[in-house]
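Here is how the chains run, residue by residue.
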Amino acid sequence: MDERQVSERVPKRVLNNLLSSLEAGVVPRSGGPYIAIGRTEEIASLLDSLSAVAEGGAATRFIIGRFGSGKSFLMQLIRGYALDRDFLTADADLSPERKLSGTGGLATYRELMRNFASKASPDGGALPIVLARFYNKVKEDLVLVGLSPDTQAFDAAVKQKIYETLQSMETGVGGFEFARVLGEYFTALANDETERKSACLRWLRGEYTTKTEARAALGFAVGGIIDDANWYDYLKLWAALAVKLGYRGLVVYIDECINLYKITNKISREANYEKLLAIFNDTLEGRAEHLAVIFGGTPQFLEDTRRGLFSYDALRSRLTDSRFSDLGYRNLSAPVIRLRRLSDNELLALILRLLKLYRERWGDTVSLTTEECTEFLSCELKRMGAEEQVTPREIIRDFLSLLGILKDNPDADFASLIRNISRETPASPRAASSDSASSGKGIFDIEI
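It should be emphasised that the depicted structure is a prediction, and the values quoted were computed from it without experimental measurement. (Residues numbered from 1 in each chain as written. Predicted model: local features only at pLDDT ≥ 70, side-chain atom pairs only at ≥ 80, totals over all residues. Heavy atoms only, no water.)

**Looking at the pairing of strand 1 (residues 58-64)**
Side-chain direction in a regular strand flips from residue to residue, so the side chains alternate between the two faces of the sheet. The element strand 1 is extensively covered by neighbouring structure, given that seven of its seven residues are classed as buried. Side chains of strand 1 alternate between two faces, with Ala58, Thr60, Phe62 and Ile64 and Ala59, Arg61 and Ile63 buried alike. Bridge count for strand 1 against strand 4 (residues 291-297) is seven bridges, and the pairing is parallel. Paired with threonine 60 across the bridge in strand 4 is valine 293. With three bridges joining them, strand 1 and strand 5 (residues 336-338) adopt parallel strand pairing. (Buried < 20%, exposed > 50% of the residue type's maximum accessible area, 1.4 Å probe, protein only. Helix = DSSP H or I, 4+ residues; strand = E, 2+ residues; numbered from the N terminus. Pairing = 2+ DSSP bridges.)

**Some remarks on the packing of helix 8 (residues 175-191) against helix 9 (residues 194-204)**
With their axes 8 Å apart at the nearest point, helix 8 and helix 9 run at an angle of 155 degrees to one another. It follows that helix 8 is roughly antiparallel to helix 9 by the angle criterion. The interaxial crossing formed by helix 8 with helix 9 has left-handed handedness. Along its contact with helix 8, which presents Glu177, Phe178, Val181, Leu182, Glu184, Tyr185, Thr187, Ala188 and Leu189, the element helix 9 presents Arg196, Lys197, Cys200, Leu201, Trp203 and Leu204. Here the contact of helix 8 with helix 9 is composed, by residue class, of 10 nonpolar, one polar and four charged. (Axes fitted to C-alpha atoms, helices over the stretch in contact; angles between N-to-C directions. Parallel < 35°, antiparallel > 145°, perpendicular 65-115°, else oblique. Left-handed = near helix turned anticlockwise from the far one by under 90°. Contact = heavy atoms within 4.5 Å. Nonpolar A, V, L, I, M, F, W, Y, C, P; charged D, E, K, R; others polar.)

**Side note on the confidence of the model for the chain**
Overall, the prediction assigns the chain a mean pLDDT of 87, with 91% of residues at 70 or greater. In the model of the chain, helix 21 (residues 429-432) stands out as the element of lowest mean pLDDT, 44, in contrast to strand 3 (residues 250-255), which has the highest, 98. The low-confidence segment residues 1-6, where pLDDT is below 50, has 10 contacts with residues more than four positions distant or belonging to other chains. Low pLDDT, under 50, characterises residues 429-443; the stretch is placed with 23 contacts to residues that sit more than four places away or in other chains. (pLDDT = per-residue confidence, 0-100.)

**Examining the sheet that holds strand 4**
With parallel pairing, five strands are arranged side by side in an open sheet as 2-3-4-1-5. Only two strands of the sheet have a single neighbouring strand rather than two, namely strand 2 (88-93) and strand 5. Geometrically, the sheet is characterised by an average inter-axis angle of 15 degrees between neighbouring strands, direction not taken into account. Of the strands in this sheet, strand 1, strand 3, strand 4 and strand 5 are in contact with helix 3 (residues 40-54), which crosses strand 1 at around 160 degrees.

**Regarding helix 13 (residues 266-284)**
Its 19 residues place the ends of helix 13 26 Å apart at the C-alpha level, agreeing with the 27 Å of an ideal helix rising 1.5 Å per residue. Those residues of helix 13 hidden inside the fold are in contact with strand 1, helix 11 (231-244), helix 12 (258-261), strand 4, helix 14 (299-303) and helix 15 (313-319). For helix 13, the capping residue at the N-terminal end is asparagine 265, with a side-chain oxygen 3.0 Å from the backbone nitrogen of isoleucine 267. Looking one or two residues beyond helix 13, the residue adopting positive phi is glycine 286, at roughly 85 degrees. (Expected span 1.5 Å × (residues − 1). Polar contact = N/O pair within 3.5 Å; in protein donor to acceptor, adjacent residues only side chain to side chain.)

**What to know about the layout of surface pockets**
Space inside the second largest pocket adds up to approximately 760 Å³. Lining the second largest pocket are 39 residues, and of these Val26, Val27, Pro28, Ser72 and Phe73 sit closest to its centre. Looking at the lining of the second largest pocket, the elements with two or more residues in it are helix 4 (71-84), strand 2, strand 3 and helix 19 (392-408). Element by element, the count of residues in the lining of the second largest pocket is highest for helix 4, at eight residues. Considered class by class, the residues forming the lining of the second largest pocket number 19 nonpolar, eight polar and 12 charged. (1 Å grid on protein atoms, 1.4 Å probe; cavity = no way out; pocket = protein on both sides within 12 Å on 5 of 7 lines; lining within 4 Å. Points joined across faces, edges and corners; volume = space filled by probe spheres on them.)

**Focus on the environment of valine 145**
Here valine 145 shows up in the loop between helix 6 (127-144) and helix 7 (152-167). Between the C-alpha atom of valine 145 and that of asparagine 17, which follows or precedes it by 128 residues, the distance is 46 Å.

**Here we look at the environment of leucine 250**
Here leucine 250 shows up in strand 3. Overall, the relative accessible area of 1% leaves leucine 250 in the buried class. As for leucine 250 and aspartate 192, which are separated by 58 residues in sequence, their C-alpha atoms are 28 Å apart. Every residue in contact with leucine 250, bar those within four places of it in the chain, is listed here: Phe87, Leu88, Thr89, Ala90, Phe116, Leu235, Trp238, Ala239, His290, Leu291 and Ala292.

**Brief notes about the pattern of salt bridges**
Applying the stated criterion across every chain, the model contains 22 salt bridges. Measuring nitrogen to oxygen at the nearest pair gives 3.1 Å for the salt bridge that ties arginine 330 to glutamate 42. One end of the pair, arginine 330, is in the loop between helix 15 and strand 5; the other, glutamate 42, is in helix 3, with 288 residues separating them in the sequence. Salt-bridge contacts for arginine 338 lead to aspartate 321; the nearest nitrogen and oxygen are separated by 3.0 Å. Taken together, the residues span a long stretch of sequence, with arginine 338 in strand 5 and aspartate 321 in the loop between helix 15 and strand 5 at a distance of 17 residues. Relative accessible area serves as the criterion here: at 26%, arginine 338 is assigned to the partly exposed category. Shared partners join several salt bridges into a network, and the residues in it are Asp233, Lys236, Asp282, Glu285 and Arg287. (Salt bridge = Lys/Arg side-chain N within 4 Å of Asp/Glu carboxyl O.)

Right, here's the structure in full:
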């Protein structure tokens, strides 16, 4: 995060949502850069993938980390960077109802379309905005070459330009229906036909369950609809269209992949893994363009040889670490990014950043020194197993809870709170030493 972002005041709405989300243990959809500490190498690697996508490539990446380690936060952070770089994005959390294959595939596609976002509409619902932007740009370009908007020639030129844009998409799987519905949408947009526009958007979002239903709403016959089997093919079409609409590509984020691991039926689970393999092969073998798919999951989802991705031989052979990783080196250009534990210094920098934001929101109602923040973190790291198990989520929630108690209870005393908590917390072997787990220097050897 650059110094300008650190020093500038956070917009009040963003600040309120940011602190509320963090205190509840929820990943904020906006404001992430204000608390981005560490993960510099991981961010750089993912941004390299976005650069390749902008140049016509494709990518599939896996962000793997324990619950609370920051994988969802990193995905939302990269989503913000992608929007700033003029990509379109779509994100969805998998659940028992939302999967990659079977009856949950279409539900995942619908969720992605609901969260379809652009720089002008970062919170989702950007589909009609994106299409209207393209339509208006086509008209502006024709005005610049001297055509008058009030002539029949102008209307014909608009239709011709849109037709030329969509014609090249007809060769893809489902491309003919996709291009035809888009063409009808632009016609309805030109004629201000609200119901027709709505019907076309419903088809593009995958909201029709049968072709008969789609035909009745659209007013013309379509050769197919978006369903559980073909939804990923339409993501590739959206990625291709994104570039034609003036964007740099489409970045798709699919989190909570542990829900695939939880599928009890082996046949259903392997069908989902087969779909994931198809996405991986498509992007890495060059059959998709301007598309990145980023999955988020836990080590168990990846490594379990009975039910995880490693239970599927084709995925294990592609995603397993090389023998050189045993030497202690990281390969951040590999498909899998494993989130390391934040160092003690990074955790201290994180809570000091949180203290700054809390004071910006609540003024001087809470006054803690750097030494007291250090003492708080020392207390957190004294928990048994903290050297491996402590997560940023736990520390953030505890610290914001402490600040809230100090704010709402003027008689509360920091020293007594820490002292009472310390009595209840068994010391870990690692916390008893003076060595930092990550740097080998004295604990909290940091300049703020």
